[in-house]
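What follows is each chain in one-letter form.
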Amino acid sequence: MSTGEGPADPGLVSSPQASGVKVLETLKKHVFEHSDAPSKTLSSREVCSSFSDLTAAVFSSSQRANSGVVVSGAIELLVHACSNQDRAIRLAGQENLHKLVKKLQSTHLSKLLQDLFHELKKNGSARSLSVALEVFAALFPRTRPSRRQALSQSLLPVLLRLLARDEEGLHESLQDGLSHILPTLTPFLSTTNNQLLMSAVLDRLPASPASFRRMAASTLHSLCVHSKSPQSLTSWLVGRMINIGCQETATEQTCQGILLTLQNMAGDQDIKTLNLMKQVYGLVLSCMMYRDGNTTVAAMETMNSLLLASSPALSRWLMTAQPSHALASKFWMITNEGEVGGDGQDSRQEKQDSSSDAHSLREDINDAYFGSDQEPSPPATAESSPVTSDAGSAVVQMGYFAVRDGPTQPLSSLVLYLTESVLVGKRVSALSVGLACLTSCADLAPSLLPSLSPYLPFTVHPDPKLKSRSAKLLAVLLRALLRESRGEASSPLVSEAAAALHSVLTDSSPVVLKAVCESLRICLPSLAASSQPKLAVELVEPLLAAASSSSYWLAKVELLRTLACLPLTALALSLPSLPHSLLSLCVFPLLGDTDHRVRTAAAEAVSLLVPSLQLTSDQVLAHAHWEVSREFPPLHSSTPQLSLASVGMHSCKITPPTPLGLQHFLWFLVCNISSSENHSLQRGCLEALHMLCSVFPPASMPQAWGCDCHIPSLLPTTLSLLTASQLAWTVQGQQQLLDVSSSLFLSCSLSAMDRLVQSGQPPSSSPWAALGDSELSAHAAVLLRHVGRLLAVFVHVLEGREPETRETKRMAAVSPKKAAMRDSSPIRSSPAKPKVIIENLQRAPLIPRDGLGQFSSSQPHLKILDTCRSAYTNYQVSLARVGEDKFSRLLQSTHNLTTILMEVRTSFPSSL
């Protein structure tokens, strides 16, 4: 149906009798001929409207004999439209292509893959290729295993041609698309084809843009991980990259691409052999001394990743004193073919190569020790010559440290170089990565940082990024020191680091607060379990005060994540008021935040804090003073039941009991959902209740949820919210209430069945005989009526129908002939004859208002219909898997509740 302002071309708009082929031929004439310039005969709105007509025609003809021709032509047309100059036509083409693929992927998957492969094979414009690659990558993992071998062999030359393109936008699409294609493609490629694809990527690294380097790094990593023999292919790739990086013709772009690839591969098990790690370590050290700042930063980032993912063998080697000659001879074991020798290989040729390389490196070491007439030649061009340290204590040359004081630890030399050379610079990016490398070194060997004086100036630096890095350095150092001393916190270095971290915590910058929260998650558990837990308390107190002062949503999210991971059992003994302050000052107020991301983080914090607070309350009540007993009254088993039985009858002015267990959390949440006037707080409490329901299922803990009594308390309140509250008008709110209601109803039903079995009474023939409870049977009827209406809503959304009201039924009851005569006749004051209307209504009676599935008189369900239509529109154009969108999740929750109702309804044969 056309949406343009003016009348559309009659040859373009498809009538109900027009076939998809006719619409396709008409559109091809307009789109292909005017792809480079706006159409002279049609406006962009008319073309966009015609795309929708074409998609509808393809849907209607998808089951016919000539459906393949129509589908192929439609895909070709829509992909070509994505390269049009008009932005509206491009967006309409992409949207209708997604609709077409979403609708036909279950019945025409092979045809869709074949047509999209032909579009990639054409190697057309970058925009068309990006859209076709996105759709093809989403469908390729669903290919049948029997067809993957042939399709993989055909796809390899196409990918090689795409990798030769220079458009940066296409590189970004390739990075996303290959991340989905390669896990399925790579196992069906031979080792030769894998090396061919890797060589094609490596050959493009010189003079390549940053987008290609990012794509190349992720592609090479995926090829190694998903290949048939990942270890041998990883060894080949590392050797090839080291050979390329050591050549004199290696450019900065080549080194940066190699370093980025090594950074992605640092965490893989296949590269964690000692020989490979040492070779990567030597190459990274060589690149750290380039004059190009970007290469230096990339080398230090790779070094940081290497240290974070270091194997135990590499850690021992880094902390073992090595003579400079032995250090240099162990770095390079590369043959001319780029093959890397393993740890256990001792062939004669490898010994000769390593001895010759070691001899040349010893000459460079002697030059670094005693000086020479000529400067040593670095493995780089004159534009990227190495820089030596002004301090003279550590010099990096050819991938090793030449230290004047004799044998030393490689890690100690690295720390010395970072402290005396990198941290004295002025470039913020280099300083930031240098602090990150020092953080990894401190985690491996905290004794290498005997003093904090070189790093304390960064805690008061005006740049927030450097403050954040220094905070993480202090936190990791604290954890490492306490680990080495087995919890003894009497060292002056521990107190100094804790004081410095406290000073960073008082910074007003939200960026710094976010980073400090991440850092505190590292050191607080160790500090709380140490001999000085007051150091942890001193860090927690300003953290609680920062909850009300911060306005940055990401800082609030990190703050909540940090508070949820606090070791409350240990901290509450030193600070008894901590649980109460944690909930009243941070968690509960942030449940009502206006940002939905903060509310989600607060709900997650509630679900994480429940078991910790339950354990903490028992210990606090056992060890605290009389003031603490006054703040935290003893919990009795009857208190939660009494509180839950009165849910919904309290006003928002009544203060709930101190929430120290699951029951009291439920009391607080349901009271705020039922009586609070803050809509954001209601949504946050509902999300927290939904998470608690999934973490602590009511069927497993019926007593805590109040489901084991004859009169359930939470279920009626939840049902009233589900059927009459505005919280249920959104797709997410409806889904959360459905999940909570189904869990509570299942728990109450199981308890009722147990009571019925224990009583020994035979089941009656009532509709819900398995429940044995008239009130619970009424709740089941309410749920069944609501589920029926929801299923009817889904039917209306999927079929595009409008709900039938009384007025529409009366209009439909009038015969078409009389309706046409009434519309064409002039307006008359006299109404139509009542006898004719009554006769027509008798022939087509109205559905009862309260019938199963009828929702035309229910205002909440009409609201749900509108929200479901919007969610279904997004579902049609999304290529995400089913279950990842709101519409699918709501439909799944509805089906789950229907299944529970049917199982409870048919529990006893006599009730059928």
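None of these values were measured; they are calculated from a predicted model.

Quick look at the environment of Cys-586 now. Looking at the secondary structure, you find Cys-586 in helix 26 (residues 578-590). In this structure Cys-586 comes out as buried when scored by relative accessible area, which is 0%. Note: C-alpha distance between Cys-586 and Lys-556 (30 residues apart in sequence) is 9.3 Å. Contact partners of Cys-586, with chain neighbours within four places excluded, come to Leu-544, Ala-547, Leu-560, Leu-563 and Ser-581.

By the element assignment, Ser-777 lies in helix 34 (residues 774-799). Among the residues examined, Ser-777 registers a relative accessible area of 17% and is labelled buried. Discounting residues that sit within four places of it in the chain, Ser-777 has contacts with Trp-768 and Leu-771.

It is worth spelling out the packing of aromatic side chains at this point. Enumeration according to the criterion identifies nine aromatic pairs in this entry. Aromatic side chains Phe-588 and Phe-665 sit 6.0 Å apart centroid to centroid with 75° between the ring planes, which places their arrangement in the edge-to-face category. Here the residue Phe-588 occupies a position in helix 26, and Phe-665 occupies one in helix 30 (residues 662-675), the gap between them amounting to 77 residues. Here the aromatic rings of Phe-794 and Phe-887 are separated by 5.4 Å at their centres, their planes lie at 80°, and the arrangement is edge-to-face.

Two numbers describe how helix 4 (residues 87-104) lies on helix 38 (residues 859-877): the axes approach to 7 Å, and their chain directions differ by 85°. One finds that helix 4 runs roughly perpendicular with respect to helix 38. In this structure, helix 4 contributes Glu-95, His-98, Lys-99 and Lys-102 to the contact, and helix 38 contributes Tyr-875, Gln-876 and Val-877. Tallied by class, the residues present in the contact of helix 4 with helix 38 amount to two nonpolar, two polar and three charged.

Right, let's get into the pattern of salt bridges. It is possible for side chains of opposite charge to pair when their charged atoms get near one another. Per the counting criterion, the structure on display carries 17 salt bridges. Close ionic contact of Lys-556 with Asp-593 constitutes a salt bridge, the shortest N to O distance being 2.8 Å. Of this pair, Lys-556 sits in helix 24 (residues 553-564) while Asp-593 sits in the loop between helix 26 and helix 27 (596-623), placing them 37 residues apart in sequence. When its relative accessible area of 12% is taken as the criterion, Asp-593 is described as buried. A salt bridge links Glu-558 to Arg-561, with the nearest nitrogen and oxygen atoms 3.3 Å apart. Placement of both Glu-558 and Arg-561 in helix 24 is noted, with a separation of three residues, approximately one turn of the helix. You can call Glu-558 buried: its relative accessible area is 5%.

So, on to unusual backbone geometry. Residues other than glycine seldom take positive phi values, yet Asn-123 does so here, at roughly 55°. By secondary structure assignment, the location of Asn-123 is in the loop between helix 5 (109-122) and helix 6 (126-139). Its identity as a non-glycine residue notwithstanding, Arg-486 has a phi of 60°, on the positive side. Here Arg-486 lies in the loop between helix 20 (464-484) and helix 21 (492-505).

Take the confidence of the model for the chain next. With 72% of its residues at a pLDDT of at least 70, the chain reaches an overall mean of 75. Low confidence marks residues 620-659, where pLDDT is under 50. Its contacts with residues over four positions away, or in another chain, come to 54 contacts.

What follows deals with helix 39 (residues 886-905). Compared with the 28 Å implied by 1.5 Å per residue over 20 residues, the 29 Å span of helix 39 between its first and last C-alpha is a close match. Among the residues of helix 39, Phe-887, Ser-888, Leu-890, Ser-893, Thr-894, Leu-897, Ile-900, Leu-901 and Val-904 are the ones counted as buried. Next to the buried residues of helix 39 lie helix 33 (731-759), helix 34 and helix 38.

Closest axis-to-axis distance for the helix 5/helix 7 (residues 145-163) pair is 10 Å, and the angle between their directions is 20°. With respect to helix 7, the element helix 5 is oriented roughly parallel. Our pair here, helix 5 against helix 7, has a crossing hand that is left-handed. For the pair formed by helix 5 and helix 7, the contact residues are Ser-110, Phe-117, Leu-120 and Lys-121 on the first element and Arg-147, Ser-154, Leu-155, Val-158 and Arg-161 on the second. Class assignment for the residues of the contact of helix 5 with helix 7 results in four nonpolar, two polar and three charged.

Parameters at a glance
Residues numbered from 1 in each chain as written. Predicted model: local features only at pLDDT ≥ 70, side-chain atom pairs only at ≥ 80, totals over all residues. Heavy atoms only, no water. Helix = DSSP H or I, 4+ residues; strand = E, 2+ residues; numbered from the N terminus. Buried < 20%, exposed > 50% of the residue type's maximum accessible area, 1.4 Å probe, protein only. Contact = heavy atoms within 4.5 Å. Phe/Tyr/Trp six-rings, centres within 6.5 Å; stacked < 30°, edge-to-face > 60°. Axes fitted to C-alpha atoms, helices over the stretch in contact; angles between N-to-C directions. Parallel < 35°, antiparallel > 145°, perpendicular 65-115°, else oblique. Nonpolar A, V, L, I, M, F, W, Y, C, P; charged D, E, K, R; others polar. Salt bridge = Lys/Arg side-chain N within 4 Å of Asp/Glu carboxyl O. pLDDT = per-residue confidence, 0-100. Expected span 1.5 Å × (residues − 1). Left-handed = near helix turned anticlockwise from the far one by under 90°.

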